[in-house]
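Coordinates in review
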Amino acid sequence: MKKIYILLLSFTISTLSFGQELMLNGGFEAWDDATTPTSYSKAEYTSQETVEFHGGANSAKLTNTSTSAKDIAQTVTGIIPGASYTISLWYKVESGDDTSARIWSNWKAAGANLTDNADVLKGPNGNYFSNNAAAWTQYTTTVTAPATADAFYFEVRVYGGAVVYWDDFSVFKE
C-alpha cells in the first residue's frame, strides 16, 4: 500500500512539473459531423480529411472557393498572464501559392483583442506561410502572455482558391 501512495505522489509531482496542452482537439481526431471539428467555434469551408494528415488519423481540409479569407478557429482558455506558451501547427498547401495560408491569432482580455506578439501570431514576421512544395510543414513560436490576457484566439486562414490541410494545433504552457 505504501508503494502505491509513493507511486501516486511521484506521478502527481511529475505531472505538475511539466507543461500543459491547452488546445482542445488540436489533432482533429474528433468531429461533430463531416464539416465541424469538435471544440472549434469556426470552421468555414472545412471538411474532415482521413487520407492526408500529419498525425493521428485525421486532419482538417479547408477548401476555399471564395475570394475572401476562410478560417478555422478556437478560443483557448486557462491562459496565465506572464506565462510562456509555445504555439504550434502543421500545414500542407495542396493547391495555392505562398499567399494562400497563414496563422491569424491573438491574445484576448475580457473578450477584447490584444496586439501583443502580432509579429508572430499574424503570420511569421507578418507574412504568409510558404507553400513549401506541398509538403507538411510546421510553424512554431514561443511567446509570453500579456499581463491582461485571459484567453488565446487560435485562428488559421486560407485565401482565395487554395486548398490547405491543417493538423496538430497546439497551445502549450511551458
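Only a predicted model underlies this, so the values are computations on that prediction, with no experimental measurement involved.

Calculation notes
- Residues numbered from 1 in each chain as written.
- Predicted model: local features only at pLDDT ≥ 70, side-chain atom pairs only at ≥ 80, totals over all residues.
- Heavy atoms only, no water.
- Core = buried A, V, L, I, M, F, W, Y, C linked by side-chain atoms within 4.5 Å.
- Buried < 20%, exposed > 50% of the residue type's maximum accessible area, 1.4 Å probe, protein only.
- Helix = DSSP H or I, 4+ residues; strand = E, 2+ residues; numbered from the N terminus.
- Contact = heavy atoms within 4.5 Å.
- Phe/Tyr/Trp six-rings, centres within 6.5 Å; stacked < 30°, edge-to-face > 60°.
- Lys NZ or Arg CZ within 6 Å of the ring centre and 35° of its normal.
- Salt bridge = Lys/Arg side-chain N within 4 Å of Asp/Glu carboxyl O.

The biggest cluster of nonpolar side chains holds 37 residues, and the ones touching the most others in it are Leu-89, Trp-107, Trp-166 and Phe-169. Examining the composition of this core, we find that 5 residues originate from one element, strand E8 (residues 84-95), more than from any other. Not counting chain neighbours up to four residues away, the residues in contact with Phe-169 comprise Glu-21, Met-23, Gly-26, Phe-28, Tyr-40, Ile-72, Ser-88, Leu-89, Trp-90, Phe-154 and Val-156.

Across all of its chains, the model carries 15 aromatic pairs by this definition. Taken together, the ring pairs connect Phe-28, Trp-31, Tyr-40, Tyr-85, Tyr-91, Trp-107, Phe-129, Tyr-139, Phe-152, Phe-154, Trp-166 and Phe-169 into an aromatic cluster. Of note, Arg-102 hangs over the ring of Tyr-128, and the distance from its end group to the ring centre comes to 4.3 Å.

Now for the pattern of salt bridges. Per the counting criterion, the structure on display carries 4 salt bridges. Put simply, Asp-71 and Lys-42 hold a salt bridge, and the shortest N to O gap is 3.5 Å. Highlighted residues: Asp-71 in strand E7 (residues 70-77) and Lys-42 in strand E4 (residues 42-43), separated in sequence by 29 residues. Taken together, the shared-partner salt bridges in this structure form one network comprising Lys-42, Asp-71, Glu-155 and Arg-157.

Here we come to the side chain of Thr-46. Mapped onto the elements, Thr-46 comes out in strand E5 (residues 46-49). Those residues in contact with Thr-46 that sit more than four places away from it in its chain are Trp-31, Ala-34, Thr-35, Ala-60, Lys-61, Leu-62, Asp-71 and Ile-72.

Most of the time, phi is negative for any residue but glycine, and the peptide bond is trans. Its identity as a non-glycine residue notwithstanding, Asn-125 has a phi of 55°, on the positive side. Inspection of the secondary structure assignment puts Asn-125 in the loop between helix H2 (118-121) and strand E12 (137-144). If you check the backbone angles, Asp-168 has positive phi at about 50° while not being a glycine. One can find Asp-168 in strand E14 (residues 163-173).

Geometric values such as these leave the question of function open.
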